[in-house]
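Structural features, examined
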Amino acid sequence: MLAFLDLGSLLAKAIVSAIVAGVLGLVWVRFSNVAEEWLAQRGGEMRGKWYGVLPEIGDAPQRIDTYRIHQRGQKLVGHIERIRPSGRKGKWRLVGYVHGTVVVCLFYTKTPSKDPSSYGVICVHRVPGPSEDGAYRGYYTRPEFEPFERFVDGSIATRPIIWQRIHPDEQIAKT
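Below is a summary of the structure that appears in this document. Predicted model only: the values in this text are computed from it and were never measured.

Some points on the pairing of strand 5 (residues 102–109)
Only one face of strand 5 is buried, namely the one carrying Val 103, Cys 105, Phe 107 and Thr 109, since none of Val 102, Val 104, Leu 106 and Tyr 108 on the opposite face is buried. The sheet contact formed by strand 4 (residues 91–99) and strand 5 spans 8 bridges and is antiparallel. In the strand pairing of strand 5, Trp 92 is matched with Thr 109. Where strand 4 folds back onto strand 5 in an antiparallel hairpin, the turn is made up of 2 residues, including Gly 100, whose phi is positive at roughly 65°. As paired strands, strand 5 and strand 6 (residues 119–126) are joined by 7 bridges and run antiparallel to one another.

Here is the structure:
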């Protein structure tokens, strides 16, 4: 009788172990697929460091910003920091979306108490051709430029912007 109990206990342990192993196997397969998809989305053309060049407009000097962008699939998040002109510092957050060769982003200040109107929209697209070294050109707008009525009637003024991987000073040195 004692041998029968040991055999039954051993069989019960084996069944429980098989069930646990099966469940763990299913979890592992599911997790590995999710992890594989997650890791595959970590790359992307927009990931990394970019420079935003905002050309001179009127009395405003040329401004250069650094963009540190993280990309997951088509979604972008990042940080922007003004590096030139030296007296006009600023830091912003960026949230955006990539669709083919088009990038649309919202930016907003990290210090809303100091500059509450420092937010807006950036829309850029990849410039065709190898000569531009993967640059993106487009525009940005922010509410400070125009009265609210312009947002309502759709006649919002835009300002040009260029995103590029090469620092503008290095680009001048190459030419």
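Having seen the structure, we can now continue with the description.
Section: the packing of aromatic side chains
Enumeration according to the criterion identifies 4 aromatic pairs in this entry. With 6.5 Å between their ring centres and 65° between their planes, Phe 107 and Tyr 140 make a pair best called edge-to-face. Within this pair, whereas Phe 107 is found in strand 5, its partner Tyr 140 is found in strand 7 (residues 136–141), the two being separated by 33 residues in sequence. A relative accessible area of 8% places Phe 107 in the buried class. Through pairs of rings, three or more aromatic residues link up here, namely Trp 50, Tyr 67, Tyr 136 and Trp 163.

Conventions adopted
- Residues numbered from 1 in each chain as written.
- Predicted model: local features only at pLDDT ≥ 70, side-chain atom pairs only at ≥ 80, totals over all residues.
- Heavy atoms only, no water.
- Buried < 20%, exposed > 50% of the residue type's maximum accessible area, 1.4 Å probe, protein only.
- Helix = DSSP H or I, 4+ residues; strand = E, 2+ residues; numbered from the N terminus.
- Pairing = 2+ DSSP bridges.
- Phe/Tyr/Trp six-rings, centres within 6.5 Å; stacked < 30°, edge-to-face > 60°.

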